[in-house]
Amino acid sequence: MTTEFSKSVDIGLRLSKRIYYGKEYEPRMSAPKPAIMTKSPSPSPCSSPPPSKHHPTAPMVYAMITEPDIVDNPDIRSYQPHVYGRCNPPALIPLHMYEISMNIECYLDTAFVTVSGTWHVHCVTASACCDCCIAIPMGQQGSILDIKVESTKRSYSTKLIASGAEKDDSDRITKAKDGFLMKRNTYTLRIPKVDGGSIIHVKVRWSQKLVYQDNEFYLSIPFTFPSYVLPLKNKIPQMEKLLLSVDLPRICQHRGEVQRQPGEASFSYEAEVLKWSTQDFYFAYYVCSNEIFGGLLLHHPSLHDYDRRDMFCFYLFPGANIIRKHFRKEVVFLLDKSGSMRGVPFEKSKHAIITSLLKLNQQDLFNIIAFNEDIQSFSSSLELATEETIRNATEWMLKTLVAEGDTNLMFPLKLAIEMVGKNGELIPLIFLITDGSVEDEKEICNMMKFSYVDGGLSSPRIFTFGIGSYCNHHFLPMLAHIGRGYYDHAYDVDLIGDRLQRLFNNALSPLLTNVTLDSLETLKSYELYPSRIPDLLSRSPLIVSGRYQGKFPELVKVRGLMTDLSSYAMDIKVIKTSNINLDRMCGMREVDILTSQAWLDQNIDMEKKVAKMSLQRGVPSEYTRVILVQKDKAKPTTLQSLLLDEKCSKLGNEKVIYLRNPCVGFGNLKATAANLPPGVEDIKLIKTAKMVVEAATSCWGMFVNSWCWRCVKKMWFQLKSEHCTLAIAQICTALTCLECLDCCCDLCDLCSAL
């Protein structure tokens, strides 16, 4: 999909050369040219690959052009020759942007981002309209929460509804498969029938994760705007605004800070700019503590909360304390080597494992098990992580392992569990890397529950990593929760190396294990998300939320086991908060955890609970649907018309469009069985089809499906026929008079590659 998107933008930019901005802008823009579009059904072997640089790197809005003839300046009509043709799929012309603002709120490890912008449909004649495509690139584990759009005649807003609600409203619903995620990090949405020359106001809100490393939080948001979204009319001011607030105990002073209270800081920026931001927004702040510290936040439920129990959020941060002594570890790497992993996923996974082996201490034990329908193991037992053994393991992986065959998870997991946990002084770590789904995933989870004996140090910690969208991204987190481990993923194969290496680095440095909260046992009842508190790692915060009935004391005691196997205890303060909405802060995490639990237990009541939480907290889930509500703007002039319009709004003034569910689903067994590689699952923004131009004459129509006039002329001359040469010369002369040939060549892949 990314390739198709970039190709459509590239064609749109070439098509925008048709727009005439007036004499004062002639030096900056090329003269207006008519557009005739030609496209072959499949790329020519000699054509250059489609550009990838046009993938959105900031919030963008595009005009979706299916009829090239409507491309013109809505303010200055240039009366260009008529264009015979149709773009299928539509060309995407980036709209000019007049204003952009971003508001960021950070709570613990989650950031809520709100972007508001104004765009001008500068490329469509005022007498026509076109659909517009909104593209929102997000940062780490981004999730769209809501979108609101205002155009001249209509307003649009996304909304969550319970699955099955469409049956009650079928008379006014138009079902459409729209709302896409490119590479799972860029959300695109189509807004229908926007008038040329109109102004579009877009407000988007999403959540994303902050990256924690070396006692510092990092926030990165795509905010690099291409030069072609800058309006040409210099008299129009371009406004850029930014507001960021951080709410976290013990944050350090940061330059640029304008307001500060204990545990809070805010930063703001507003200016009129000559050009838009040319780099992503990046922000980092330190957590001021050398030792482990934490807290427990309490919050009352909202008035409309179906669950009347109080909420709490418990967090621990590792601090900046340098670990002098490490846990001795038993490490088993389980690597999927089925046929779908062939190529980049397999090579990057092997490289990440090799890099992690070099970070093991010589007292640690390890093994590598590669699996498809069979098992290929480096050793029949755990080996000491000496330099020689690691070198042998590296050579074995590079020379022996080949990605082929099907996927079977149960047997390698059983083998890994049998290998570890026999020495009570070593902490067992099992890493599972896969890109597929299997039929017995529920049985695997239940097997792990029985293997998790007493939850002590010798119980295996499970860390899972999913590649692509075919694996079950609810099974893998559940497996990690059962094993007090962590889960991560890479939907895009380009991110496998960094994300997988980060998971390894965090997991291989546990700081506090077997973490417990004494006060939980004194409550009347409680529910934890996740149900088992994972270990505190030296490079990652520990955050657990939940519901409870009863009363927390002012101080609660946290206990655990340190790296020297000594007991650890610490009192943390209980804080009743009103300015931090735990519903909002923990909403996505809790919905995901309960969805995995509902999948495992096949519990209908749990599914309904997740749907209620999703609707209440405004986060998407597997059991809710996203719709786009379109409202026509009515301007009543009398009281009677006002009453009529109100009635119309309730009965027929709204149109509902069903959007794709942004969640990942529960895996794809068929794709796994077919060994489809990650990346094939990318949803097409628009159906793939050839780009053709319906010509006025049948003679021209014979060739426009493949080449422009230069390509056709070259082919005719190669035939060395006098009659053919004379005929093509006459056609080219006629088309030159109509000023059609230059633009045709601008849009031809073969000619533009020269």
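Residues numbered from 1 in each chain as written. Predicted model: local features only at pLDDT ≥ 70, side-chain atom pairs only at ≥ 80, totals over all residues. Heavy atoms only, no water.

A. Spotlight on the overall build of the protein. Looking only at helices and strands, one finds 16 helices and 34 strands in the protein. Restricting to contacts in the protein with at least 6 residues of sequence separation, those with at least 24 account for 78%. Counting every atom, the protein has about 34,000 Å² of accessible surface; 52% of that belongs to carbon and sulfur. (Helix = DSSP H or I, 4+ residues; strand = E, 2+ residues; numbered from the N terminus. Contact = heavy atoms within 4.5 Å. Areas by Shrake-Rupley, 256 points an atom, 1.4 Å probe, with all protein chains shown as cover.)

B. Structural detail: the packing of aromatic side chains. Inspection of every chain in the model, using the stated rule, returns 24 aromatic pairs. Ring geometry for Tyr315 against Phe317: centres 5.7 Å apart, planes inclined by 70 degrees, an arrangement best described as edge-to-face. Judged on exposure class, the residue Tyr315 and its partner Phe317 are both buried. Chaining the aromatic ring pairs together yields one cluster made of Tyr212, Phe217, Phe283, Tyr285, Phe293, Tyr315 and Phe317. Across the ring face of Tyr491, the terminal group of Arg184 is positioned such that the distance to the ring centre comes to 5.3 Å. Over the ring of Phe112 we find Arg584; its NZ or CZ atom is 4.4 Å from the centre of that ring. (Phe/Tyr/Trp six-rings, centres within 6.5 Å; stacked < 30°, edge-to-face > 60°. Buried < 20%, exposed > 50% of the residue type's maximum accessible area, 1.4 Å probe, protein only. Lys NZ or Arg CZ within 6 Å of the ring centre and 35° of its normal.)

C. Layout of helix α9 (residues 604-617). Between its first and last C-alpha atoms α9 spans 20 Å; for 14 residues at 1.5 Å apiece the expected length is 20 Å, and the two agree. Of all the positions in α9, only Met606, Lys609, Val610, Ala611, Met613, Ser614 and Arg617 are classed as buried. Buried residues in α9 make contact with β7 (154-162), β19 (310-317), β28 (525-529), β30 (542-549), α8 (582-601) and β33 (624-632). The backbone nitrogen of Asp605 lies 2.9 Å from a side-chain oxygen of the residue at the head of α9, namely Asn603. One or two residues past the end of α9 sits Gly618, with phi positive at roughly 70 degrees. (Expected span 1.5 Å × (residues − 1). Polar contact = N/O pair within 3.5 Å; in protein donor to acceptor, adjacent residues only side chain to side chain.)

D. Up close: the confidence of the model for the protein. Per-residue confidence for the protein gives a mean pLDDT of 81, with 77% of residues at or over 70. Counting contacts from residues 736-743, a segment whose pLDDT is below 50, to residues more than four positions away or on other chains yields 14 contacts. (pLDDT = per-residue confidence, 0-100.)

E. Geometry of the sheet that holds strand β2 (residues 91-94). Read across the sheet, 5 strands follow the order β2-β1-β5-β10-β9 without closing on themselves; strand pairing throughout is antiparallel. Of all strands in the sheet, those with a lone pairing partner are β2 and β9 (180-182), marking the two edges. Taking the axes of each pair of neighbouring strands and ignoring which way they run, one obtains an average angle of 35 degrees across the sheet. Bridge analysis of strand β1 (residues 60-65) against strand β5 (residues 129-137) gives 5 bridges, and the strand direction is antiparallel. Its bridge partner lying in β5, Met60 is registered against Ala135. (Pairing = 2+ DSSP bridges. Axes fitted to C-alpha atoms, helices over the stretch in contact; angles between N-to-C directions.)

F. Just the pattern of salt bridges, in detail. Under the definition given, this model contains 31 salt bridges. Asp307 is the partner of Arg309 in a salt bridge, and the nearest nitrogen-oxygen pair spans 2.9 Å. Here Asp488 makes a salt bridge to Arg502, at a shortest N to O gap of 3.6 Å. On the criterion of sequence distance, the pair formed by Asp488 in strand β26 (residues 487-490) and Arg502 in helix α7 (residues 496-507) is long-range, its members being 14 residues apart. (Salt bridge = Lys/Arg side-chain N within 4 Å of Asp/Glu carboxyl O.)

G. Structural view of the sheet that holds strand β13 (residues 216-221). Taken in spatial order, the 3 strands line up as β12-β13-β17 in an open sheet, and their pairing is antiparallel. Across the chains shown, the open sheet's two edge strands, defined by having one partner strand only, are β12 (211-213) and β17 (281-286). Adjacent strand axes in the sheet meet at a mean angle of 20 degrees when their direction is disregarded. Two elements, β13 and β17, share 6 bridges in a ladder whose sense is antiparallel.

H. Region of interest: the packing of helix α2 (residues 344-357) against α7. With their axes 9 Å apart at the nearest point, α2 and α7 run at an angle of 30 degrees to one another. As far as their axial angle goes, α7 and α2 are roughly parallel. As for how α2 packs across α7, the hand of that crossing is right-handed. Of the residues in α7, those touching α2 at Pro345, Lys348, Ser349, Ala352, Ile353, Thr355 and Ser356 are Ile496, Gly497, Leu500, Gln501 and Phe504. Residue composition of the contact of α2 with α7, by class: 6 nonpolar, 5 polar and 1 charged. (Parallel < 35°, antiparallel > 145°, perpendicular 65-115°, else oblique. Left-handed = near helix turned anticlockwise from the far one by under 90°. Nonpolar A, V, L, I, M, F, W, Y, C, P; charged D, E, K, R; others polar.)

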